[in-house]
Amino acid sequence: MKHAKFISIVTAVLAACLLFSCASTGGGGAKGGGTGAWDFDDPAGETAGWELTPGEVYQYHGDIALSYDDTTFGNGMLRLDVDFTNDINNEWSEPKIKNDFPKAVNMKGITQFAFDFYYNPSFRTNGSFKAKVFSNNGASVDSTGEIPDEGEDAGNGFVKTRAAILIMPTAGFMPDMRFSIAGYLTDYKGPIFFDNMRWE
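Residues numbered from 1 in each chain as written. Predicted model: local features only at pLDDT ≥ 70, side-chain atom pairs only at ≥ 80, totals over all residues. Heavy atoms only, no water.

K.L.:
Give a detailed account of empty space enclosed by the protein, specifying residues and quantitative values.
P.N.:
According to the stated counting rule, one finds one cavity of 30 Å³ or more in the structure shown. Reported here for the largest cavity is a volume of approximately 30 Å³. If you trace the largest cavity, you find it lined by Leu80, Pro95, Lys96, Ile97, Phe179, Ser180, Ile181 and Phe194. If you list the elements that add at least two residues to the lining of the largest cavity, you get strand S5 (96–106) and strand S11 (173–184). Residue contributions to the lining of the largest cavity peak at three residues, all from S11. For the lining of the largest cavity, the residue count by class is six nonpolar, one polar and one charged. (1 Å grid on protein atoms, 1.4 Å probe; cavity = no way out; pocket = protein on both sides within 12 Å on 5 of 7 lines; lining within 4 Å. Points joined across faces, edges and corners; volume = space filled by probe spheres on them. Helix = DSSP H or I, 4+ residues; strand = E, 2+ residues; numbered from the N terminus. Nonpolar A, V, L, I, M, F, W, Y, C, P; charged D, E, K, R; others polar.)

K.L.:
I'd like to hear about the packing of aromatic side chains, residue by residue, with values.
P.N.:
One pass over the full model with this rule turns up 22 aromatic pairs. Its guanidinium or amino end placed over the ring of tyrosine 184, lysine 130 lies 4.6 Å from that ring's centre, counting from NZ or CZ. Above the plane of the ring of phenylalanine 134 lies lysine 132, whose end atom (NZ or CZ) is 5.2 Å from the centre. (Phe/Tyr/Trp six-rings, centres within 6.5 Å; stacked < 30°, edge-to-face > 60°. Lys NZ or Arg CZ within 6 Å of the ring centre and 35° of its normal.)

K.L.:
Can you lay out the sheet that holds S11 for me, pointing to particular residues and giving the numbers?
P.N.:
The sheet built from five strands is open, its strands ordered S2-S5-S11-S7-S8 with antiparallel pairing. In the strand order of this sheet, the two ends are held by strand S2 (50–52) and strand S8 (142–146), each with one partner. Each strand of the sheet is rotated relative to its neighbour by a mean of 25 degrees, with strand direction disregarded. Across five bridges, strand S7 (residues 128–134) lies against S8 in antiparallel orientation. Across the sheet, residue lysine 130 finds its bridge partner in S8, namely glutamate 146. (Pairing = 2+ DSSP bridges. Axes fitted to C-alpha atoms, helices over the stretch in contact; angles between N-to-C directions.)

K.L.:
Which residues make up the pairing of strand S9 (residues 152–155), and what are the values?
P.N.:
In this sheet, strand S10 (residues 158–166) lies alongside S9 in antiparallel orientation, the contact comprising three bridges. For glycine 155, the partnering residue across the bridge sits in S10 and is phenylalanine 158. Two successive antiparallel strands, S9 and S10, enclose a turn made up of two residues, where asparagine 156 displays a positive phi of approximately 60 degrees.

K.L.:
Account for unusual backbone geometry, with residues named and values stated.
P.N.:
A positive phi angle, near 50 degrees, is found at glutamine 59, a position not held by glycine. If you trace the backbone, glutamine 59 turns up in the loop between S2 and strand S3 (65–69). Classification of glutamine 59 as partly exposed rests on a relative accessible area of 34%. Positive phi, normally seen in glycine, also occurs at asparagine 196, with a value near 50 degrees. What makes asparagine 196 partly exposed here is its relative accessible area of 29%. (Buried < 20%, exposed > 50% of the residue type's maximum accessible area, 1.4 Å probe, protein only.)

K.L.:
Residue-level account of the pattern of salt bridges, with values.
P.N.:
A complete count under the given rule lists 13 salt bridges for this structure. With a closest N to O distance of 3.3 Å, glutamate 56 and arginine 178 form a salt bridge. One end of the pair, glutamate 56, is in the loop between S2 and S3; the other, arginine 178, is in strand S11, with 122 residues separating them in the sequence. Given the relative accessible area of 26%, glutamate 56 is considered partly exposed. Residues glutamate 146 and lysine 130 are paired through a salt bridge, measuring 3.8 Å at the closest nitrogen-oxygen approach. Of the two residues, glutamate 146 is situated in strand S8 and lysine 130 in strand S7; the sequence distance between them amounts to 16 residues. On the accessibility criterion, glutamate 146 (51% relative accessible area) is exposed. Each of Glu51, Glu56, Lys98, Asp100, Asp176 and Arg178 takes part in salt bridges that share partners, so that together they form one network. (Salt bridge = Lys/Arg side-chain N within 4 Å of Asp/Glu carboxyl O.)

K.L.:
Can you explain the nonpolar core? Please cite residues and give values.
P.N.:
In this structure, Phe115, Phe179 and Trp199 are the most contacted members of the largest nonpolar core, which totals 43 residues. Elements represented by at least two residues in this core include exactly strand S4 (77–83), S5, strand S6 (112–119), S7, S10, S11 and strand S12 (189–199). With sequence-adjacent residues up to four places away left out, phenylalanine 179 is seen in contact with Trp50, Pro95, Lys96, Ile97, Phe113, Phe115, Ala131, Lys132, Val133, Ile165, Phe194 and Met197. (Core = buried A, V, L, I, M, F, W, Y, C linked by side-chain atoms within 4.5 Å. Contact = heavy atoms within 4.5 Å.)

Encoded structure:
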């Protein structure tokens, strides 16, 4: 009888720990799933919930397409085809993508949104990129940051650089996010890629 009672207590404790873990991270896996981290390693996950935001662009007048790409670099990434040629005189030309999480992300202790960024310098004659993250609901998040030009050779003429957008620590859960790649006085036309996107 005591043994059965002990097993019941252990089971209850383990269940509580699992519940707390999922609530604090949002649960899910490599497909996004509310974890606040996306590595695009699973082809079945495709864009892992990331979508275009028609009508939410700012001073952006080019075509845009979002897709899953596992051929350019040999591993899964999020691909965004952009065209800033009509916005070369704009200091902030902003297409956006969004992700509505299946389960809200707990923002307690989160200080930045980090990601690997791939671009091809030959696809522009001028300018650079900036980035912005914000949420339309839940935790108050709204911050911008620079994307470094410098990086390592990723092959195929592309440069891989690591970027991080710092945010003010905030409490609460975030059920969705918008992510912008803004052109700064650039005429870049072609694909850019994202990998290892994460809140940390």
